[in-house]
Amino acid sequence: MAGEQTERRARATRARERLVDALDAALGGRLRVPAGERPDPYRDGVVVNAFGLTERCARRAAHPADDFVESVGTARRRIGLAALRRLGDDASAADDLATAVQEVIEERTDLARGLCDWLEQLDRPARAAVAAGATTWAAATARLVRSGTAVRWADASSSSAWNVPERPIRLTATHEALAGGVVSGERLLLVADGAGGPTERLRAAYLALVRSLGTQHAPVGITVAAPSQGTRSQVAVDDALLDLAVDRVVEHVAMRADPPSAPPAPGRWCRHCHLLDVCDEGRARTEG
Ligand code: SF4
């Protein structure tokens, strides 16, 4: 066990050094704060998340939208996770998922302010739709946890994060559940749209990287679960997986540091792109 922990710690250190060196090579003096100043990624830097990292169009990834709007699709995960946490909590009387979801929606004590405000202005049918979506999501996700595994459901209002030293760059990643610990070895559950494909592998790699940097220990593995398909796949965390994430993060950050250099990749996704009005390639695709 001690040897395994030492190796997981060394693996995290190697990934950290490789990421910092690769960012130095790619960025040079860009995205670097003057000595003595505190980096602020949210004000004048780059905040990386899994969605931007797996974005199909580089131009859209380089110009992320800032007009997030809640919907059943965006809210169900956070409400579903809060309900799953309540089921294992002695402070809650709920003993089934639907009741726990109702509690979360009615009490709104374990949700972020923005989500609470959105829930509050919904009428009864809309709240019922949210409750149904969250209950379905949570039930399908819980079914994909291997029976007998003791997991801790994630707090949806927080994420794993790591700030690049001396640069206004912050890496953030979310997971749905965690088993084990830093010393014994963490195994994380990641819910995705599919399991076993290259996009899911990249998402798993990125989560493993952010977790490695934050805890200074590489996790043992990531389980990628796809509730919509009822499937899951295991991704072992090794140096090659972390290198995959490091390469993609560096490529993504370099593009965000120089948005005009990001090439468009038109596709069926242009129809819902916030840049469509100002993107000739996207309009040619949607009007063609
Ligand atoms: S409209 Fe299409 S090609 Fe243009 S930025 Fe959006 S996704 Fe990319």
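All figures in this text were calculated on a predicted structure; none of them were measured in a lab.

This part is about unusual backbone geometry. One non-glycine residue, L31, lies in positive phi territory at about 50°. Within the element layout of this structure, L31 appears in the loop between α1 (2-27) and α2 (41-44). Of the residues examined, L31 has 22 C-beta atoms within 10 Å and is grouped as buried. Positive phi, close to 65°, is recorded for Q216, a residue that is not glycine.

We now examine the site of the ligand. C57, C270, C273, C279 and G282 are the nearest of the 14 residues found near the ligand. Put simply, the parts of the chain that give the shell around the ligand at least two residues each are α4 (58-62) and α11 (280-287). Classifying every residue of the shell around the ligand by side-chain character gives ten nonpolar, one polar and three charged.

Let us now look at the sheet that holds strand β2 (residues 152-153). The five strands are arranged β2-β5-β6-β7-β8 in an open sheet whose pairing can be described as mixed. Edge positions in the sheet fall to β2 and β8 (231-236), since each of these pairs with one other strand and no more. With six bridges joining them, strand β7 (residues 221-226) and β8 adopt antiparallel strand pairing. Paired with I222 across the strands is V235, a residue of β8.

Relative orientation of the contacting elements helix α9 (residues 198-215) and helix α10 (residues 239-257) amounts to 95°, with a least axis distance of 8 Å. When the interaxial angle is binned, α9 and α10 end up roughly perpendicular. Residues L202, A205, Y206, A208, L209 and S212 of α9 lie in contact with α10, whose contacting residues are L241, L242, L244, A245, V246 and R248. Within the contact of α9 with α10, the residues separate by chemical class into ten nonpolar, one polar and one charged.

Consecutive side chains along a regular strand alternate between the two faces of the sheet. Of the two faces of strand β3 (residues 160-163), the one holding S160 and W162 is buried and the one holding A161 and N163 is not buried anywhere. Relative to strand β4 (residues 169-173), β3 runs antiparallel, the two being bridged by four bridges. By the bridge assignment for β4, A161 is matched with T172.

With that out of the way, let us pick up helix α8 (residues 124-143). Along its 20 residues, α8 runs 28 Å from first to last C-alpha, staying within 8% of the 28 Å computed at 1.5 Å per residue. Inspection of α8 places V130, A131, G133, A134, T135, W137, A138 and T141 among the buried residues, and these make up the whole buried set. The elements touched by buried residues of α8 are α5 (72-87), α6 (97-107), α7 (113-120), β6 (187-191) and β7.

Turning our attention to the packing of α6 against α8. Where α6 meets α8, the closest approach of the two axes is 9 Å, and the angle between their N-to-C directions is 130°. The pairing of α6 with α8 is recorded here as oblique in orientation. For the crossing formed where α6 meets α8, the hand is right-handed. Contacts between α6 and α8 involve L97, A98, V101, Q102 and I105 from the first element and R127, V130, A131, A134, T135, A138 and A139 from the second.

Rules of the game
- Residues numbered from 1 in each chain as written.
- Predicted model: local features only at pLDDT ≥ 70, side-chain atom pairs only at ≥ 80, totals over all residues.
- Helix = DSSP H or I, 4+ residues; strand = E, 2+ residues; numbered from the N terminus.
- Buried ≥ 20, exposed ≤ 12 C-beta atoms within 10 Å, placed from the backbone.
- Near = placed C-beta within 6 Å.
- Nonpolar A, V, L, I, M, F, W, Y, C, P; charged D, E, K, R; others polar.
- Pairing = 2+ DSSP bridges.
- Axes fitted to C-alpha atoms, helices over the stretch in contact; angles between N-to-C directions.
- Parallel < 35°, antiparallel > 145°, perpendicular 65-115°, else oblique.
- Contact = placed C-beta atoms within 7 Å.
- Expected span 1.5 Å × (residues − 1).
- Left-handed = near helix turned anticlockwise from the far one by under 90°.

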